[in-house]
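# A structural walkthrough
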Amino acid sequence: MRQSPAPNSVQQLVVIVEGDEGSTRLDRVLAVRRPELSRSRLKALILAGSVALKGIPVRDPAYHVASGDTITIDVPEAAPPEPAGEDIALDIVYEDDDIIVIDKPKGLVVHPAAGHETGTLVNALIAHCGASLSGIGGVRRPGIVHRLDKDTTGLMVAAKNDRAHRSLTAQFADHGRTGAMRRGYLALAWDLPDRQRGIIDAPVDRHPHAREKMAVRQGGRDAVTHWELQEAFNGRDGKPVAAQLACQLETGRTHQVRVHLAHIGHPLLGDAVYGPHFKTKASRLGPQSQVALTALGRQALHAYLLALEHPGTGAILEWMSDLPPDLTALREKLRAAL
């Protein structure tokens with residue numbers, strides 16, 4: 001076993017699997033051979049793709065190694081315990097002393113995590129709001145009461161004090177059952193549903209084999225999505241190939257819209273995690289639509305609607321966000337069947 005520094009403040013550790021370690025789980029071997037790294041740290045490094053076998057990242061902690069395997073671990077320099085403010089531009093939709101609402105662009109991670117220690121929305125909020133952000137969410141997630149996936153665009157609200165944080169957390173937990181909270185998404189999905197609207201009531205939990213994914217699973221957490229067909233798009237053969245759906249959440253589970261739409265056979269366009277088996281359908285699109293879909297490079301999902309009760313005044317506030325340019329461009333090509 002040896003170790004050598006790698007560029008960009010990354011230390012590379014090398015572990016060669018010995019004979020009696022063959023057919024053992026990757027995380028167990030590394031926990032024994034690199035005791036200076038905690039089990040949680042090793043798991044985070046594996047899931048982040050920082051552990052490789054023959055140069056290929058292994059993202060499954062349960063992967064069984066073989067005797068003689070050479071494993072490399074890229075260990076980034078330890079991040080500071082508290083994120084620092086960074087000068088990152090924010091599209092601010094609304095702000096007062098209690099809350100701030102932003103229109104999140106694609107590619108922006110909400111809070112620091114393994115592989116994304118800087119350049120997050122939290123870093124931007126700290127720089128913009130200073131010490132006023134609520135600390136209830138912990139030092140890594142100040143002000144954060146809900147999340148959007150890295151490549152999902154649209155409306156998010158953050159709390160600027162503890163009173164607002166408690167109020168917003170309760171509203172998100174209730175999700176409009178008794179209060180004003182509403183969250184709406186616009187989704188471009190494959191194929192045309194056989195009805196105008198529907199409700200997906202299916203529990204969601206971690207995928208049993210791919211831990212970075214979610215899945216509909218018995219015994220999972222309750223998850224309910226309401227959807228409505230807004231527009232249908234034909235392919236170059238003149239037959240329906242995709243649709244725009246408006247979705248409203250009755251619960252707020254990780255990846256909920258993506259998982260639920262895939263569950264009923266209508267995964268999002270561009271969703272490489274939950275819709276890879278639909279890639280061949282792109283051949284039914286017109287050439288310009290295919291180019292626009294390739295250029296999108298993400299799931300076609302936008303959080304267009306957010307309504308809530310103001311934590312301080314009790315007023316019902318509502319915001320709407322137009323589709324961003326990349327989704328607008330894709331929709332226009334789909335409409336024209338180009």
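Residues numbered from 1 in each chain as written. Predicted model: local features only at pLDDT ≥ 70, side-chain atom pairs only at ≥ 80, totals over all residues. Heavy atoms only, no water.

## Here we look at the overall build of the protein chain
The helix and strand tally for the protein chain stands at seven helices and 16 strands. Here the protein chain holds 338 residues, and the buried ones make up 47% of them. Residue pairs at least 24 apart in sequence account for 67% of intrachain contacts in the protein chain once pairs closer than 6 positions are excluded. Summed over all atoms, the accessible surface of the protein chain reaches about 16300 Å², with 50% contributed by carbon and sulfur. (Helix = DSSP H or I, 4+ residues; strand = E, 2+ residues; numbered from the N terminus. Buried < 20%, exposed > 50% of the residue type's maximum accessible area, 1.4 Å probe, protein only. Contact = heavy atoms within 4.5 Å. Areas by Shrake-Rupley, 256 points an atom, 1.4 Å probe, with all protein chains shown as cover.)

## A closer look at the pattern of salt bridges
In this structure the tally under the stated criterion is 17 salt bridges. Residues Glu18 and Arg33 are paired through a salt bridge, measuring 3.9 Å at the closest nitrogen-oxygen approach. With Glu18 in the loop between β2 (10-16) and α1 (26-33) and Arg33 in helix α1, this pair connects stretches of sequence that are 15 residues apart. Overall, Arg33 belongs to the buried group, its relative accessible area being 13%. When the shortest N-O distance is used, the salt bridge between Arg33 and Glu21 registers 2.8 Å. Pair noted here: Arg33 is in helix α1 and Glu21 is in the loop between β2 and α1, with a separation of 12 residues, a long-range link. Since its relative accessible area comes to 11%, Glu21 is described here as buried. Linked through salt bridges whose partners overlap, the residues forming this network are Glu18, Glu21 and Arg33. (Salt bridge = Lys/Arg side-chain N within 4 Å of Asp/Glu carboxyl O.)

## Considerations on the environment of Arg25
Considering the arrangement of structural elements, one finds Arg25 in the loop between β2 and α1. Its relative accessible area of 25% is what places Arg25 among the partly exposed residues. Once the C-alpha coordinates of Arg25 and Val65 are considered, the two residues, 40 residues apart in sequence, prove to be 6.3 Å apart. Those residues within four positions of Arg25 in sequence are excluded, and the remaining contacts are Pro61, Ala62, Tyr63 and His64. Polar side-chain contacts of Arg25 include one of 2.7 Å to the side chain of Asp27. (Polar contact = N/O pair within 3.5 Å; in protein donor to acceptor, adjacent residues only side chain to side chain.)

## Remarks on a positive patch on the surface
On the surface, Lys43, Arg141, Arg147, Arg206, Arg211 and Arg217 cluster together into a positively charged patch. Mapped onto the elements, Arg211 comes out in the loop between β11 (204-206) and β12 (214-216). (Patch = residues over 30% accessible without salt bridge, like charges linked within 9 Å, V, L, I, M, F, W, Y side chains within 5 Å. Lys, Arg positive; Asp, Glu negative; His and termini not counted. Charge placed at Lys NZ, Arg CZ, Asp CG, Glu CD.)

## Focus: the nonpolar core
Residues Leu121, Leu125, Tyr185, Leu245, Cys247, Val257 and Leu261 are the most contacted members of the largest nonpolar core, which totals 29 residues. Sorting the residues of this core by element identifies β7 (99-104), α3 (121-129), β8 (153-159), β9 (182-190), β13 (224-234), β14 (240-249), α5 (256-263) and β15 (301-309) as the ones contributing at least two each. (Core = buried A, V, L, I, M, F, W, Y, C linked by side-chain atoms within 4.5 Å.)

## Brief notes about the confidence of the model for the protein chain
Caution applies to low-pLDDT parts of the model: their predicted coordinates are not meant to be read in detail. Confidence in the prediction for the protein chain averages 89 pLDDT; 93% of positions are at 70 or higher. Within the model, the stretch residues 1-7 combines pLDDT values under 50 with 15 contacts to residues more than four positions away or in other chains. (pLDDT = per-residue confidence, 0-100.)

## Let's talk about the packing of α1 against helix α2 (residues 39-47)
At a closest axis distance of 10 Å, the pairing of α1 and α2 adopts a crossing angle of 130 degrees. In terms of orientation, α1 and α2 fall into the oblique class. Seen along the crossing, α1 lies across α2 with a hand that is right-handed. Where α1 abuts α2, its residues Leu26, Asp27, Leu30 and Ala31 lie against Arg39, Leu42 and Ile46. Taken together, the residues of the contact of α1 with α2 break down into five nonpolar, no polar and two charged. (Axes fitted to C-alpha atoms, helices over the stretch in contact; angles between N-to-C directions. Parallel < 35°, antiparallel > 145°, perpendicular 65-115°, else oblique. Left-handed = near helix turned anticlockwise from the far one by under 90°. Nonpolar A, V, L, I, M, F, W, Y, C, P; charged D, E, K, R; others polar.)

## Describing the packing of helix α6 (residues 287-296) against helix α7 (residues 325-336)
For the pair α6 and α7, the least separation of the axes is 8 Å and the interaxial angle reads 160 degrees. With respect to their mutual orientation, α6 and α7 come out roughly antiparallel. In the crossing of α6 with α7, the sense of the turn from one axis to the other is left-handed. Every residue of α7 that contacts α6 at Gln288, Ser289, Ala292, Leu293 and Leu296 is listed here: Asp326, Leu327, Leu330, Lys333 and Leu334. Considering only residue class, the contact of α6 with α7 consists of six nonpolar, two polar and two charged.

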